[in-house]
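Residue strings, one per chain:
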Amino acid sequence: MNRAAFLGNGLIFTGLLHNLVGILMGWEVLTAMHREGWFATTVVNGSLLFDREAIVWFLSSGVLFLLLGSVLRQLSTYQIPVPGLFAPSLTLFGVILAIIMPFSGAYLLILLGALPILKDKFWRRPSHLS
């Protein structure tokens, strides 16, 4: 499996897991928002309701992981390489998130970004065997 497919599958898995956790942990907040009709349900009298804002952003980031993973899978289909800085940037993003939120899924991003880098470094075939 090439790098784009690996990263794409990993981000799709991460997005699905992120949204599953978000729905399970935010179910009460989401049902309250549904009862209120969704429109502008994160603001009351000009004040933000943090729990509602947080669950919307949590689920939105899960959807973005799914979309980004789908784009990477598409790149794989057409054998377009992933930009070289993508995996290291994903790892760095995960490290920053893990520092800020040590009890989170940020470690998945670190692992997802680090595995292609480690594979290239330690499991590269000698060019004469290609």
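Residues numbered from 1 in each chain as written. Predicted model: local features only at pLDDT ≥ 70, side-chain atom pairs only at ≥ 80, totals over all residues. Heavy atoms only, no water.

Moving on, we get to the layout of surface pockets. In this structure, the largest pocket spans a volume of roughly 440 Å³. Elements represented by at least two residues in the lining of the largest pocket include exactly α1 (3-25), α3 (50-77), α4 (86-100) and α5 (106-122). Among the residues forming the lining of the largest pocket, the class breakdown is eleven nonpolar, five polar and no charged. (1 Å grid on protein atoms, 1.4 Å probe; cavity = no way out; pocket = protein on both sides within 12 Å on 5 of 7 lines; lining within 4 Å. Points joined across faces, edges and corners; volume = space filled by probe spheres on them. Helix = DSSP H or I, 4+ residues; strand = E, 2+ residues; numbered from the N terminus. Nonpolar A, V, L, I, M, F, W, Y, C, P; charged D, E, K, R; others polar.)

Moving on, we get to unusual backbone geometry. In this structure, Ala40 is a non-glycine residue whose phi angle is positive, near 55 degrees. Relative to the elements of secondary structure, Ala40 occurs in the loop between α2 (27-35) and β1 (43-44). Assessed through its relative accessible area of 49%, Ala40 is described here as partly exposed. In this structure, Asn45 takes a positive phi of about 50 degrees despite not being glycine. Secondary-structure assignment places Asn45 in the loop between β1 and β2 (47-48). (Buried < 20%, exposed > 50% of the residue type's maximum accessible area, 1.4 Å probe, protein only.)

With that out of the way, let us pick up the confidence of the model for the protein chain. On average, the protein chain scores 91 in pLDDT, and the residues at 70 or more come to 94%. Per-element averaging of pLDDT across the protein chain places α5 at the bottom with 86 and α2 at the top with 97. (pLDDT = per-residue confidence, 0-100.)

We now examine the nonpolar core. Core analysis: the biggest nonpolar cluster contains ten residues, these being Ala4, Leu7, Leu11, Phe65, Leu72, Val82, Phe86, Leu90, Leu109 and Leu112. Elements represented by at least two residues in this core include exactly α1, α3, α4 and α5. Considering every element that reaches this core, the biggest residue donor is α1, with three residues. In this structure, Val29, Leu30, Ile55 and Leu59 belong to the second largest nonpolar core, which totals five residues. (Core = buried A, V, L, I, M, F, W, Y, C linked by side-chain atoms within 4.5 Å.)

Where α4 contacts α5, the two axes come as close as 7 Å, and the packing angle between them is 155 degrees. Accordingly, the angle class assigned to the pair α4 and α5 is roughly antiparallel. Relative to α5, the crossing made by α4 is left-handed. Touching Ala87, Pro88, Leu90, Thr91, Phe93, Gly94, Val95, Leu97 and Ala98 of α4 are Ala106, Tyr107, Leu109, Ile110, Leu112, Gly113, Ala114 and Ile117, all from α5. By residue class, the composition of the contact of α4 with α5 is 14 nonpolar, three polar and no charged. (Axes fitted to C-alpha atoms, helices over the stretch in contact; angles between N-to-C directions. Parallel < 35°, antiparallel > 145°, perpendicular 65-115°, else oblique. Left-handed = near helix turned anticlockwise from the far one by under 90°. Contact = heavy atoms within 4.5 Å.)

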